[in-house]
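A look at the structure
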Amino acid sequence: MELEALQGINSDVRALGAQIVVLTPELERYTRALHKKLNLTFDMLTDLHLKTAEQFRLVFMLPDYLRDLYKSFGNVPDRFHDEPEYRLPIPARYVVDKQGIIRAADVNADYTIRPEPSETLRRLRMLICESNSVRRDETERKIL
């Protein structure tokens, strides 16, 4: 559902000169199939063994009661993530500028709560407006 919602704003994001990139712990063989099934037009990259999530300190261990629930559905992280310790990333969404500086972040330790794509789009628009304003100010100073 989240990927589909991101696909829903992708044309607006691209029109603003930005791009969506999804980082997932799922192995490439699963993401490739999902990418095709959902007809996604943005990149999905694999964070193998949660190395990137670890750098952002966004890894948590599933509590025992959730491990049991996942197992009862046949959904075990080692199958999809090659992660036998029941570690998962905390969902996060960042707006990063062209210099690689994080300008906005949405992170919630409750993995069931995800930021609304419309909010991400709003933050991106704000960043672009601020950037354009700074450029206008710099141009005006050069002219004076």
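Attention in this report is confined to the structure presented alongside it.

The rules we used
Residues numbered from 1 in each chain as written. Predicted model: local features only at pLDDT ≥ 70, side-chain atom pairs only at ≥ 80, totals over all residues. Heavy atoms only, no water. Helix = DSSP H or I, 4+ residues; strand = E, 2+ residues; numbered from the N terminus. Rg over C-alpha atoms; globule rule 2.2 N^0.38 Å. Buried < 20%, exposed > 50% of the residue type's maximum accessible area, 1.4 Å probe, protein only. Contact = heavy atoms within 4.5 Å. Areas by Shrake-Rupley, 256 points an atom, 1.4 Å probe, with all protein chains shown as cover. Lys, Arg positive; Asp, Glu negative; His and termini not counted. Charge placed at Lys NZ, Arg CZ, Asp CG, Glu CD. Polar contact = N/O pair within 3.5 Å; in protein donor to acceptor, adjacent residues only side chain to side chain. Expected span 1.5 Å × (residues − 1). Salt bridge = Lys/Arg side-chain N within 4 Å of Asp/Glu carboxyl O. Core = buried A, V, L, I, M, F, W, Y, C linked by side-chain atoms within 4.5 Å. Patch = residues over 30% accessible without salt bridge, like charges linked within 9 Å, V, L, I, M, F, W, Y side chains within 5 Å.

Remarks on the overall build of the protein chain
- Secondary structure summary: the protein chain contains 6 helices and 6 strands in total.
- The linear arrangement of helices and strands in the protein chain, starting from the amino end, is α-β-α-β-α-β-α-α-β-β-β-α.
- For a compact globule of 144 residues, the expected C-alpha radius of gyration is about 15 Å, and the protein chain comes in at 18 Å, more than 25% above that figure.
- With respect to the three principal axes, the spread of C-alpha positions in the protein chain is 70 × 30 × 25 Å.
- Counting over 144 residues, the protein chain shows a buried share of 30%.
- In the protein chain, 53% of the contacts between residues at least 6 apart in sequence involve partners at least 24 apart.
- Summing over all exposed atoms, the protein chain offers an accessible surface of approximately 10,000 Å²; the carbon and sulfur share of this is 52%.
- With 22 positive and 23 negative side-chain charges, the protein chain shows a spacing of 4 Å between the two charge centroids.

A closer look at the side chain of Thr24
- Structurally, Thr24 is set in strand β1 (residues 21-24).
- For Thr24, a relative accessible area of 11% translates into the label buried.
- At a separation of 3.2 Å, a polar atom in the side chain of Thr24 contacts the main-chain amide nitrogen of Glu26.
- With residues near it in sequence (within four places) discarded, Thr24 still touches Thr31, Met44, Leu45, Thr46 and Asp47.

A closer look at helix α1 (residues 2-15)
- Taking 1.5 Å per residue, 14 residues should reach 20 Å; α1 reaches 20 Å between its end C-alpha atoms and fits that length.
- Taken together, the buried positions of α1 are occupied by Leu3, Leu6, Ile9, Asn10 and Val13.
- Gly17 sits one or two positions beyond α1 and adopts a positive phi of about 85°.

Considerations on the pattern of salt bridges
- Following the criterion strictly, the structure yields 9 salt bridges and no others.
- Linking Arg122 and Glu119 is a salt bridge whose minimum nitrogen-to-oxygen distance equals 2.5 Å. On the criterion of helical spacing, the pair formed by Arg122 and Glu119 is a turn pair, its members being 3 residues apart in helix α6 (residues 117-143).
- Arg122 gets classed as partly exposed once you look at its relative accessible area, which sits at 39%.
- By relative accessible area, Glu119 is classed as partly exposed at 25%.
- Salt bridges linked by common partners bring Asp106, Glu119, Arg122 and Arg123 together as one network.

Observations concerning the nonpolar core
- Core analysis: the biggest nonpolar cluster contains 14 residues, and Ile20, Val22 and Phe42 have the highest contact counts within it.
- If you list the elements that add at least two residues to this core, you get α1 and α6.
- In terms of residues, this core owes the most to one element, α1, which gives 4 residues.
- Setting aside residues no more than four positions away along its own chain, Phe42 makes contact with Leu3, Leu6, Gln7, Asn10, Ile20, Val22 and His35.
- The next biggest cluster of nonpolar side chains, apart from the first, holds 10 residues, and it includes Leu58, Phe60, Leu62 and Tyr70.

Details of a nonpolar patch on the surface
- The grouping of Val21, Leu23 and Leu45 at the surface amounts to a nonpolar patch, some 250 Å² of accessible area in total.
- With respect to the secondary-structure elements, Val21 resides in strand β1.

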